[in-house]
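Coordinate analysis (summary)
What follows is the residue order along each chain.
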Amino acid sequence: MSLDSMLPVAPARVRALVLPVGQITRDRFSSFVQRLNEEHVVHLRDISADGRPNRNMFSPLAFPDGAMFYDLITYVPPPSHLALAPFELFREPLALIAIADGQELENVAFSKRQSANGYAPTMAERNIRTLYQELEELRDAYPKILAHQVLIFDYAPKAESTVPIPEGIKTVPTVEKSKRTTIKTIMCDISSLLLAEMTTLAKSFEGMTAIDSPGQAPTRPGMNGSWASDDANPSGRRNSQYAVSTVTRSASTSGAMDRSQARMSMPVPFKSLPFGSGNSTPSGRPTTPVRSGLSNPPTTFDDIASVNGSNPDVSSPDSQAPARPGSAGGMKQANQDKVSVQGFGPGGLNERWRNKGRGRVLILVGSLYLQAGRWTDALKELIEGATVAKSINDHLWHGKALELITICLLLLGWIGIEFQVPTICLPTNDKTISSISKGPDEEEGDSNQPKHLRTFQSILPELVERIIGLYSRISGEQLPPLPLSESIIRFCTLLTGLHLCEGKLDKESLNRIVLGKLPTTKVLSTSPRLIISPPRAQIATLLFKAFPSSAPELLTTVDRAIILSGISSVLSLIGFHRKKAMVVRELVSVLIGGLVEARTRGAAEVGIHPAAGLVALNSANGHGNGAGALELGEGDIEHGIHAFLGLLCKTYGVVGFDDTLPEPSDESRRAGDTDERVISRIQHQSTVRQFGMKDIKLSVLRACINFSEALPDFHGVLKFSSDLLRTAGSGVAPGPRREDAAPIISRDEQIRLTNNISKTSDLSQRLGLENLSAEYWDEFLVRGITLDPLPSTRTPIPHSKNVLPGVTTARSSQDVNPFIYNPFIRAADKAVVERTLVAGEPATFRITLQNPYEIDVDIESIKLDAGGADFESSVSSTVIGPYRTQILKLSGTPKAAGSLKITGALVKIRGCRERRFPIFPHPWAPDTETKIKGIGLTALEANKKLPFPGPSLKLDNIGLSVISAQPVIVIKSTTLFQSSVMILEGERQVFSVTFQNLSSTPADLLLFSFQDSTQGPLQTALTSRDATPAELYEYELILARKQALKLRKIDDSKRYIAPGGTATFDFEILGKPGLTNGTIQLDYAHLGVPQSEISDQFHTRQVCLDLTITVNASVELARMDVLPIKGEVPRPIWARLGAEAAELEPLSDEKYCLLLLDLRNAWPSDMQVCLEADNGVMIKEHILPGNTNRVIFPVPRVYIDDPHASIPALNPTRQRQFVVSSSKITPEIERGNREAFWYREKILENLSGSWKTLSGPVRGGSIELRGIRLAPRMIEAIKIDEVGIEVSVEDPQGTSPSRDGHTIFTDEFAQIRVVITNRTDEPIYPTLRLLPSLCHRPPNVALDFTRKFAWNGTLQQSLPLVDAKSITEVVVGAIALCRGEFEISAAVEETQLWTPPAATTKKEPVARRERSETEIMMDAVLGAKERRIWHSRRPCFVSVRDRE
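Residues numbered from 1 in each chain as written. Predicted model: local features only at pLDDT ≥ 70, side-chain atom pairs only at ≥ 80, totals over all residues. Heavy atoms only, no water.

A few points about the overall build of the protein chain
What the protein chain contains, in helices and strands, is 34 helices and 43 strands. Counting over 1444 residues, the protein chain shows a buried share of 51%. Once local pairs closer than 6 in sequence are excluded, the contacts in the protein chain between residues at least 24 apart make up 77%. Of the roughly 65800 Å² that the protein chain leaves accessible, carbon and sulfur atoms contribute 52%. (Helix = DSSP H or I, 4+ residues; strand = E, 2+ residues; numbered from the N terminus. Buried < 20%, exposed > 50% of the residue type's maximum accessible area, 1.4 Å probe, protein only. Contact = heavy atoms within 4.5 Å. Areas by Shrake-Rupley, 256 points an atom, 1.4 Å probe, with all protein chains shown as cover.)

Next comes the structure, spelled out in structure tokens:
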């Protein structure tokens, strides 16, 4: 059966006061009380009847189907409740059960005084005697209680020494040794004693001539006396076992009990009462109540007048407390019970007064029968009493009789006894009475429902209304607010149970109503249940009649709280949650005032000023969690008040931290910080934020904060303060200039709340409460985390295995071809580099924190939260200013290689719990619902189950890759002063750089790369589409063969730097025009394995040495020219010009030509220039500063097989592609460019130049001769034709011809011999043309030789095919007809183009690969192949004279 005090059958309970005696702990006392509560329903059939004939008025044998319901209380009822007796007898305890701990009997003496019965041989016997003495003291202290009993729990007497147990003391074995009926038997024995003594009480009531109503000025000064005796006079108490006691009462209450007496888990009596030994009385609770208008309401009309000030002369009710004698042998005073004997009998003046007294006595006796379980007898007495009360218009007692009759009918229906609804309960309407007397139609109700229950069910709502109307009727007697409100609540609980059972009163519903087991799992929606009677709206309307008045003098704080909690409980059962929240909110307001007063009272009792704060008060009471002001148990706050306030906040839609965990532990809180839970929490908070009205939410939270401060409850202060900030906030992640995220409360209130949180948290820590902390109110604290780029010298750059030297043929050594892709020079992938860390080396992170509130947020500690590889984050603290986004730098060090993910930050805000905040980089705001489709808490719960309608929340994390430990190399020193150098053009200098390894990891991979200021312009020029192939070749040649910086050749095994060691490397620098700066880049790494064993990827670091270079001019090529040689140059002439050669042959025009170079000395120092050819010819020239000298140098003429071949590309990538030039040039120009390129290259291959200084510092270098450019005239001087033509004249006798000329005679035959040499690789079809002419004549005259020179045949003739690399001769007869000088030249022209035979074409692939389409396209630039013509370079001179 439920222990709820608001059950409909609560007036049928028997209240029993349970107190501790002897040495006993709180926990064991609570466990013993729990064992008794398990048998608090005692059936009369199990109770033995008392054998005394004068004690059988309430004999259980008369109605064995009945039962007694015990209400075991561990606190002394407050006087305001006791003052309601005898109108409500169930409020006064009728039995006292003192509990002792049997395990302590032999451990310690319960009392130091000697027993009055003599010396006890054992400690157990002595303590049992002490318990008996305390039992006698309890009888003296509580004389109005009918039965007193001491129970010794867990007592197992020894077999060898049996201790006599006095009367009034019973022993209870332990749970293991107890039988199923042990506690039941004890409760039956107590009930038997109680039923016997109830006869005495009933007789005393029957002997009374007048009984006052509650709240009425006492007509007899003995009715509302003190419940407990103020002295220990044995003659003034009721002897529960032997005689009728003398009942003593005071005129009114002696002051309301404070919280320590109104609700105790381990109660104690008043301070003045001798409650046994000091060992059995827990200390630390105030026992003397303090009077106040709030806690001592008047219980009579005289008191009300006194409070209002209308009768200030009225004496205190405490002084009007004469003893009232009992009806069975008690003593009476002279001024007591003076009743006039005149007018007695029918028709007398006092007949109405006598009937009122008789009716009230009948009702009281009926109430005793009801408590005794004899419900049929109670029904009989109550019907008679109700009839009398109705006849004399005694409304209060009429209503009380009807209420008790209703309870009797419920209990009779519960045990299955058929009854007839009394006529007094039927409505007064005649039609209604007739319809009820006929009984309800069988077809309208359930056929299985008994007829008497259907009848009772039909009249029950109207009967309840009538009873409440009788209680509320204005008359001379007014029912106080407390019993009126509690009666209404009990009736509403009855109607609610009927409603929850579908409006049907049957055995199941009666069982639920009587035992208090209402179907709490049945959730009622907001839809009306109109077909069920009584409807919920009617119940709610009736229920709110119990709402207490706002006048503080009518109810104590405790009574007001009991009424409001009962109302809220009924509203919860019928599904009116918002009305319940309104009542709970009022309850909180009531409790705050009571708590403040209780705290002030408690501070005064312990001698502390109320303004001293919470700490002193809690410390004085010995409580650590703020439960001391109201004497709450250590677990009362956590298990009751938090759930109570949480339900209030949930109803109003307060945005809490996490409603899914009402009282989360630290472990569950940490588990609730995962990404999924955080997103779910934000979505839930967003849904709740749109529910309800914000102003009401804030008001409720302020009330909760005040309530928690008044307790004081540190956890509640922290929780509701943070909830208020969270509810007032916007709950969005604002973007730049988009969402307004400002809270809706003032800045002063925000400051007050945060200060309250921080102070409360500091206070709890000083008290040793480490687990008390608030939850931070903004889920979007961390808006971003980024990794600062590492220093360029420490940035690990990933590379593929293929770029290692020796892995691919393109890079077979440590040196790098400038045209081969160099992955170490290029800029690394920024995204990849920024995501790579090195184990053991710290990295810097930037955390973006937001504060949308107008207060400073004090962050005590913040560190990164990472997953994957072992990671250690630094801890920092900061203060975020109001309404801003702030960036904080943190460092973190990965401890091992692997994958690492930064998922958020662990933040400890002052006063709040350290928790994990994920990263929300994007702005977010929930969608505002424009159309509300449902209202109430049901709609809110339904929305939680649906998918979140707003935009999705996107979390961010930083995925990082941690590599193994890498070396750190720095440049220790260099031989260059301040890393700068001055150099002349063409000069080469060598310098050294020393590198040092600062780490404990060796560097086993060292790769050098170089960059200088000339590479950029060259690379730009290479990408130009307007550049000619010759220009591209020059650019590539400079890049490939004239590098400004390079590493001098060393053994690859020396490329290693030990941990902490150094290594020195030599570099060479070349002076070039445009060179202003350079960079030496060292890529290094620790591989740890041979390069061939690297799996996929490795990482390198870079260290760079920047050089400042100044290049000055040395020897410049100012001008050049190429001239043919006319005749032979003698050797002495060359020796005079400075030529040096071991064997210098005479230079002929057929093999050599002259190269003229104008060289200028641009350096302010004497220079010696040396030009040298491959054939050993060397010319030295001394040039003064600023002077220009011309140097003539013989160079051999050059034959090129294919002068029109494509210009090659040094870049391998350009060799495999054809780039169409954007310039429009003719084939003739293209052929000329190619000829100039190839002849220039042939000259430069055989020629080199150098210089050295003759004064000042010794310097030397090479002369840049690539500035030579050949004009067509120069090419003609240099080149040797593909077809050579030599013309000579000889006489018929075979005289050897002269090369330069020959002398013949007139009119004599001579032979003109033409030798044609084919130097090409292909045969030709030549056509020879001889061109004789006169010397030293103008052209028009020179060709007029037909009458001066004759020949045999024709001057033009086609010759047969001349094979490749072969010679053919043609001889033509001729005769000179006159004297003179003739000049014979010749020309050879291709008759037709030679085409290779088809058979040769088929076999060509065997010799060489077919020409690619790229080559064909490039050759197409030269145009179609045409027939060529060659001329003899030197004519044959013939001198003709007469023979003498």
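Some details on the pairing of strand 16 (residues 915-918)
Burial along strand 16 is two-sided: the face carrying Arg915 and Phe917 and the face carrying Arg916 and Pro918 are both buried. Relative to strand 16, strand 15 (residues 898-909) is paired through four bridges, and the arrangement is antiparallel. The partner of valine 907 across the bridge, within strand 16, is arginine 915. Joining the antiparallel neighbours strand 15 and strand 16 is a turn of five residues, in which glycine 911 adopts a positive phi near 85 degrees. (Pairing = 2+ DSSP bridges.)

Digging into the sheet that holds strand 7 (residues 782-787)
What the four strands build is an open sheet, ordered 7-10-14-12; its pairing is antiparallel. Of all strands in the sheet, those with a lone pairing partner are strand 7 and strand 12 (871-873), marking the two edges. On average, each strand axis in the sheet is inclined to that of its neighbour by 30 degrees, with strand direction left out of account. Strand direction decides the pairing type here: strand 7 and strand 10 (residues 843-851), joined by five bridges, are antiparallel. Bridge pairing links threonine 786 to arginine 846 in strand 10. (Axes fitted to C-alpha atoms, helices over the stretch in contact; angles between N-to-C directions.)

Quick look at the packing of aromatic side chains
Two descriptors summarise a pair of aromatic rings, namely the distance from one centre to the other and the angle between the planes of the rings. A complete count under the given rule lists 24 aromatic pairs for this structure. Here phenylalanine 58 and tyrosine 369 contribute two aromatic rings whose centre-to-centre distance is 4.8 Å and whose plane-to-plane angle is 50 degrees, an arrangement assigned as tilted. Taken as a pair, phenylalanine 58 in the loop between strand 2 (41-43) and strand 3 (67-73) and tyrosine 369 in helix 7 (residues 351-372) lie far apart in primary sequence, 311 residues in all. Across the pair, exposure class does not vary: phenylalanine 58 and tyrosine 369 are buried alike. Ring centres 6.2 Å apart and planes at 65 degrees place the aromatic pair phenylalanine 63 and tryptophan 375 in the edge-to-face group. Taken as a pair, phenylalanine 63 in the loop between strand 2 and strand 3 and tryptophan 375 in helix 8 (residues 375-391) lie far apart in primary sequence, 312 residues in all. (Phe/Tyr/Trp six-rings, centres within 6.5 Å; stacked < 30°, edge-to-face > 60°.)

Considerations on the sheet that holds strand 22 (residues 1045-1047)
Spatial ordering of the open sheet is given by 18-20-23-22, a layout of four strands whose pairing is antiparallel. At either end of the open sheet lies a strand with only one pairing partner, and these are strand 18 (969-974) and strand 22. Between one strand axis and the next, the sheet turns by 35 degrees as a mean value, whatever way the strands run. By the bridge criterion, three bridges tie strand 22 to strand 23 (residues 1062-1070) in an arrangement that is antiparallel. Residue pairing in the sheet places lysine 1046 in a bridge with glutamate 1068 of strand 23.

Brief notes about the packing of helix 4 (residues 182-206) against helix 7
Contact geometry of helix 4 with helix 7 gives a least axis separation of 9 Å together with a crossing angle of 170 degrees. Between helix 4 and helix 7, the interaxial angle falls into the category roughly antiparallel. Taken together, the residues of helix 7 that come into contact with helix 4 (itself represented by Leu195, Met198, Leu201, Ala202, Phe205 and Glu206) are Val361, Leu364, Val365, Leu368, Gln371 and Ala372. Tallied by class, residues from the contact of helix 4 with helix 7 come to 10 nonpolar, one polar and one charged. (Parallel < 35°, antiparallel > 145°, perpendicular 65-115°, else oblique. Nonpolar A, V, L, I, M, F, W, Y, C, P; charged D, E, K, R; others polar.)

Brief notes about the pattern of salt bridges
Here the structure, examined in full by the defined rule, presents 66 salt bridges. Arginine 52 is the salt-bridge partner of glutamate 197, the closest N and O atoms lying 3.8 Å from each other. Of this pair, glutamate 197 sits in helix 4 while arginine 52 is found in the loop between strand 2 and strand 3, placing the two residues 145 residues apart along the sequence. The partly exposed category is assigned to arginine 52, whose relative accessible area is 27%. Notably, a salt bridge pairs glutamate 1389 with arginine 1329, separated by 2.5 Å at the nearest N-O pair. With glutamate 1389 in strand 41 (residues 1380-1390) and arginine 1329 in strand 37 (residues 1326-1334), this residue pair connects regions lying 60 residues apart in the sequence. Classification of glutamate 1389 by relative accessible area gives buried; the value is 17%. (Salt bridge = Lys/Arg side-chain N within 4 Å of Asp/Glu carboxyl O.)

Points about the environment of lysine 801
Checked against the element boundaries, lysine 801 lands in the loop between strand 8 (797-800) and helix 24 (830-833). For lysine 801 and serine 1092, which are 291 residues apart along the polypeptide, the C-alpha to C-alpha distance reads 8.5 Å.

A word on the environment of glutamate 106
When you line up the elements, glutamate 106 lands in the loop between strand 4 (95-101) and helix 3 (123-141). Glutamate 106 sits in the partly exposed class, given a relative accessible area of 46%. Spatially, the C-alpha atoms of glutamate 106 and threonine 122 are 8.0 Å apart, while their sequence positions differ by 16 residues.

Focus on helix 27 (residues 1029-1041)
The terminal C-alpha atoms of helix 27 lie 18 Å apart, and with 13 residues this matches the ideal 18 Å at 1.5 Å per residue to within 8%. Restricting attention to buried positions, one finds in helix 27 the residues Leu1032, Tyr1033, Glu1034, Glu1036, Leu1037 and Leu1039. (Expected span 1.5 Å × (residues − 1).)

Topic: the side chain of glutamate 88
Structurally, the position occupied by glutamate 88 is in the loop between helix 2 (79-82) and strand 4. A polar contact is formed between the side chain of glutamate 88 and the side chain of arginine 91, at a distance of 2.3 Å. The contact partners of glutamate 88, leaving out residues within four places of it in the chain, are Lys400, Pro483, Ser487 and Arg490. (Polar contact = N/O pair within 3.5 Å; in protein donor to acceptor, adjacent residues only side chain to side chain.)

A few points about helix 13 (residues 507-515)
Of the residues making up helix 13, those classed as buried are Ser509, Leu510, Ile513, Val514 and Leu515. Where helix 13 terminates, the next one or two residues include glycine 516, which has phi positive at roughly 75 degrees.

Brief notes about unusual backbone geometry
Cis geometry is found at the peptide bond from alanine 85 to proline 86, where omega equals 5 degrees. Its place among the elements puts proline 86 in the loop between helix 2 and strand 4. The phi torsion at aspartate 154 lies on the positive side, around 55 degrees, for a residue other than glycine. Along the chain, aspartate 154 falls in the loop between strand 5 (147-153) and strand 6 (169-172). Look at lysine 1365: it is not a glycine, yet its phi comes out positive at around 60 degrees. Judged by its relative accessible area of 51%, lysine 1365 is exposed.

Section: the confidence of the model for the protein chain
Taken over all residues, the pLDDT of the protein chain has a mean of 78, while the share at 70 or more is 76%. Within the model, the stretch residues 609-638 combines pLDDT values under 50 with 73 contacts to residues more than four positions away or in other chains. For residues 808-814, every residue scores under 50 in pLDDT, and the model assigns this stretch 17 contacts once sequence neighbours within four places are set aside. (pLDDT = per-residue confidence, 0-100.)

What about the nonpolar core?
Burial of nonpolar side chains together is a common tendency in soluble globular proteins. The biggest cluster of nonpolar side chains holds 190 residues, and the ones touching the most others in it are Tyr70, Ile99, Leu194, Leu411 and Phe845. Per-element accounting of this core gives the leading share, 13 residues, to helix 9 (residues 395-414). If we ignore the near neighbours within four places in the chain, the residues touching isoleucine 99 are Val18, Leu19, Pro20, Val21, Ile24, Phe29, Phe32, Val33, Leu36, Leu151 and Phe153. In this structure, Leu984, Met1120, Ala1236 and Leu1270 belong to the second largest nonpolar core, which totals 35 residues. (Core = buried A, V, L, I, M, F, W, Y, C linked by side-chain atoms within 4.5 Å.)

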